[in-house]
Structure formats: structure tokens, C-alpha cells
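# Summary of structural features
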Amino acid sequence: MSQARCHLRAALFLAAVSSRGATTGVTARRGLSAWPAPQEPGMEYQDAVRTLNTLQTNAGYLEQVKRQRGDPQTQLDAMKLYLARSGLQVEDLDQLNIIHVTGTKGKGSTCAFTERILRSYGLKTGFFSSPHLVQVRERIRINGQPISPELFTKHFWHLYHRLEETKVDLAVVEVGIGGAYDCTNIIRKPVVCGISSLGIDHTSLLGDTVEAIAWQKGGIFKRGVPAFTVLQPDSPLAVLWDRAQQISCPLYLCPPLEALEEGGPPLTLGLEGEHQRSNAALALQLARCWLQQKGHQGLGELKISRPSVLRQMPLAPVFQPTSHMRHGLRDTEWLGRTQTLRRGPLTWYLDGAHTVSSVQACVRWFLQALHRSRRPSRGREVRVLLFNSTGNRDSAALLKLLQPCQFDYAIFCPNLTEVSSASNADQQNFMVTLDQVLLRCLAHQQHWSHLEEEPASPDLWSPTNPEPGDEPTSLLLASHPRHTHSTGSLVFSCISHALQWISQGRDPVFQPPSPPPGLLAHPVAGSGAGVLREAAAIHVLVTGSLHLVGGVLKLLEPSLSQ
């Protein structure tokens, strides 16, 4: 069971059941009820997570596997064997009412919108997503709430012992990122599928062109199962259309949210940022299609259909959203994505953007939020970037996109809440070494220093396909004149030390013990501390990695760890 952790990490999908609990029979027959069970001695939640962490591939072995990777189809074959060893069959998954969503940007937000809409209709929902932010149990949600530590612990040990009893050598199953060979593609009979915005990411697994990535993501299409996607550049959209036609999958293009708002009040979204409108438009189509196939009536008055956009691809229905749909969109919560925390003089802007397109959307959201924020009557405003990037992503390209924000300080640190994560199993990661993550942070700092010597490029920052309602880039940049001084940059060994320096004890919730010796030893750290202590307002953007955002949330919102 060398890769059991990987089987729990996958592209996003969501299962919805009727208010009568249609899937409870399936789970009950397998002994996986939702009722708490007595825990075995020494098998508490943290013990379960620590054991789960030991199943992570270590950094050295992961590199070996990448070099020796064979036919990706073997991953799905291996997944079927692991499923059987756990006591389930693929046929059991066929009984679930699944909405399967993939994409490069926005798949999590799309699922969050969809899940909340379905709950507004009185449905029971299950929601699996990856990665988690603070605790691993967040990956599995029932009716919008992470399962309890007790329930996670109960089912983890149940599965762990089942796999131990049937232990054999099997092929490695890669971490799920969505697509043709992803482990979640073991789902054969979803009710509906969705593909959010596509871009360049995970190139070592999916390919280094957006067309190759579109082909991979289109692998979730199933014969006869309706699928929806948002407006993409012509090339990947053509790939998706061809992929769907090859297997007789009805694929529809979502109309923009403006078309659904026409003739009615504007829609209010629970998630900030103009880019969330695309995710909300996809979510409305997914929810409506699911409800329609399950026999629900009164799903919004249809409007006049519009012509196809590309290669005769039919446009999804243009309809008037119902009150349930409106309430669902309004009440959606999805931590770590365009999230704002206001704490005294500090405002924390949290967004786990980690691709070119998502960082562009993050910058747009951040600048718009600053434009709307109340300016202090006196005193200095300070802007701080807290950044990290992992994997094979081009951090120099991502950092260049952040230049228009005109930060006073750029801070880099690993995705570690403390120098030692031994006491926090949820944040452990054995897939990289400490030396690797610190060297990468130093590389980020070097990239930033080189970028400081170049002027920002508005053309590079401007999105390839601006979304409806976006403010012109030139107006956003013009409202924030460039600072006449350069940005100071620092590298800290963990998130806690970075937050201590940024907040300078002024965050009323984050009040750690005295800072470690040497925290202000660097000249920039010493002088910057004085600036931060005297600032009238401090705006902190945390981005580049969802794991970084999760670590920050763990420290700023202690209740999430309870």
C-alpha cells in the first residue's frame, strides 16, 4: 500500500443525493456508516494522519518514479485493484449521483458553487477535493462541512487494516490532478461533467501545451453523459469538442453570467473576484442539469437560445436562475480563494493562485479590492507580498505578473507553519526535503531582485481573454502610482516567522510568543519592522501556493484546527 495517500488526493468531484438519502444504502452495506464508532486505543486523529503521511512517496523515490513512468493506463488498472482491496467495486461507484469536474483554474470554486446550490434545494451532498488547507479531513465534506476527526479516524483505520490484510506489490498510482489517467476517472457513470478554465500546469504529467492539457482534461467525458465547459481559447476548445464527438458525449458551452442575469436582478456571489463569474456560470449549468436529470421541476424560465460560438458547439440553456440558485451562489464559501481577513490595521488577502491565468486573476482581484478599500486619513499604507511556489512551476513568470501590485516588501518562505512540523501531522510533506524548499525560496528571492531591475510589463499582465465586467488594466494600474523606492525582500524559514515579522504584534488574533532571536538581524528586517509598526494600514497578499495559504490560515484562524 505504498501509495494509499495518493488514492485520497484527486481531481475534484462532487456527489449529490436526494433529500431521502439515496446513497445511504450503498454505504451502509459496506459498513461505512456516518455514525461515530469507538476508537481503538492509540488510534486518535493525529495518529491516523501521521500514519497516512508515512505512506507519502519520499522525494528521492518520487524522482525515480518520474524517470521510469510507463503506460499511464496502468494507473487506472491499479486503482481498480486498490478499490477491490478496500472492499468496494467499480459497480458501487456507479450507484452514486456524481458530478465530475476538472480543469486548470476554478474547478474547486465551481464545485463549491455547485454544492451550495444543490444544498439550497434541500439535497444532501458529499464533496471530495484536493488539496486540503488546514486539516486533511477537509478533503471530504458532507453537507458542506468537513467530516469530524472521529469519523475520519474511524474510516481511515478501517481502510488501513483492509489494505494491510491484502497487501501485495502493485503499480504506483500518481497524485490525482484530473484528466484521462487520473485516479478519479475510475468513475464510469457520472450524472454530468464539467471543465473549468484551462491553462498550462502540471506539464510533466499532462503535457507542455494547452492543447495536450485539454486532451487530458477531456478524458473525463463519458458516452452519452452531458458535459459543460466555459469559454476557452479556440485551440483547446476545438480539442475538447473533438474529444467529445469521438465518444458521442454531448458537450455544451456555458453562456456568460450576463446572459443569465439579463432581465432580472444581478447575481451576488459569495466568492470575490470577477473571474469567479465564469465558475458560477459553469456551476449553474451543472446544478441545473443534475436537477433536471433527477426529475426536478421549476428550474428557471428558458430564454431565447443564442447561436453557437465555435465549430457548431451548442450553447447551454440560457435561463432565469431560480431563488434557490441565487441563494446558493450568494452563500458559497471556499476558504483560501479570493478570501479577505480584516484585523485591525492589517488586511490579509488570501488566494491560492499558482498558474499564470489564476495569478492574473488574483492580481486583478487584489488591485480592485485595494481600489475599493477605505484609505487612512493619515499615515502610510504598506503593501506586502507573501509568496511561495512549488513543483515545476515557473516562479519567475508568476512573480513578474505580481509586479503591478507595487509591493513595499516581498517575503518568501516554505509551506511549513513552524520550523519543525513534527507536532502538526496535517502539514507534513515527505515529498520534498527541507533543503530543497529553502533553496527554492532563495531562488524566488533572486528572481524578484532581477525583476526589480526591469519595468513591469502591462502587456504581460493583461489576461489573454478578459472576462466580462473586468476593469481595464490601464485604469487599475493608473490608480496606483509606482513607488519611487525598490521593494525589500526577505526569506524566512517558516510561515510563523514570516507572519510574526509582517504583523509586528498588531494582529489581534495572531499573537505568538516572543519572536525568535535573530528575526530582525537582517538590515531590511530591522528597518522594515519599524515601518510596519508605524503604518496606518498594511495590505498583505498571500499567494502562489494553496499549501502556503493553508498554513497562513492555520495560524490566523485557530478555530479551523479545532
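Residues numbered from 1 in each chain as written. Predicted model: local features only at pLDDT ≥ 70, side-chain atom pairs only at ≥ 80, totals over all residues. Heavy atoms only, no water.

The next thing to look at is the sheet that holds strand S12 (residues 409–412). Within the open sheet, the six strands sit side by side as S9-S10-S14-S11-S12-S13. Their pairing is mixed. The open sheet is flanked by strand S9 (339–343) and strand S13 (488–491), the only strands paired with a single partner. Across the sheet, the mean angle from the axis of one strand to that of its neighbour is 15 degrees, orientation sign disregarded. Of the pairings in the sheet, the one linking strand S11 (residues 381–387) to strand S14 (residues 537–543) comprises seven bridges and is parallel in character. Each bridged residue has a counterpart across the sheet, and for Leu386 the counterpart in S14 is Val542. This element, helix H17 (residues 434–452), spans S11, S12 and S13 of the sheet and lies at about 170 degrees to S13. (Pairing = 2+ DSSP bridges. Helix = DSSP H or I, 4+ residues; strand = E, 2+ residues; numbered from the N terminus. Axes fitted to C-alpha atoms, helices over the stretch in contact; angles between N-to-C directions. Contact = heavy atoms within 4.5 Å.)

This paragraph deals with the packing of helix H15 (residues 356–372) against helix H16 (residues 395–402). Where H15 meets H16, the axes come as close as 9 Å, and the angle between the chain directions of the two elements is 20 degrees. When the axes of H15 and H16 are compared, the pair comes out roughly parallel. Here H15 and H16 pass one another in a crossing that is right-handed. Of the residues in H16, those touching H15 at Val356, Val359, Gln360 and Val363 are Leu398, Leu401 and Leu402. Its residues assigned to classes, the contact of H15 with H16 shows six nonpolar, one polar and no charged. (Parallel < 35°, antiparallel > 145°, perpendicular 65-115°, else oblique. Left-handed = near helix turned anticlockwise from the far one by under 90°. Nonpolar A, V, L, I, M, F, W, Y, C, P; charged D, E, K, R; others polar.)

Take the UniProt feature "binding site: ATP" (unreviewed entry) in the chain next. Per the UniProt record, "binding site: ATP" (unreviewed entry) is annotated on Arg337 and Asp351. Among the secondary structure elements, Arg337 is positioned in the loop between helix H14 (323–330) and S9. Residue class for Arg337 comes out buried when judged on its relative accessible area of 15%. Those residues in contact with Arg337 that sit more than four places away from it in its chain are Ser109, Leu133, Leu350, Asp351 and Leu546. Relative to the assigned elements, Asp351 resides in the loop between strand S10 (346–350) and H15. Relative accessible area serves as the criterion here: at 6%, Asp351 is assigned to the buried category. Filtering out sequence-adjacent residues up to four positions away, Asp351 remains in contact with Gly336, Arg337, Thr338, Ser358, Cys362, Trp365, Val542, Thr543, Gly544 and Val549. Within the structure, the side chain of Asp351 is placed 2.8 Å from the backbone nitrogen of Thr338, a separation counted as a polar contact. (UniProt positions renumbered as here; feature names shortened; annotations may be inferred. Buried < 20%, exposed > 50% of the residue type's maximum accessible area, 1.4 Å probe, protein only. Polar contact = N/O pair within 3.5 Å; in protein donor to acceptor, adjacent residues only side chain to side chain.)

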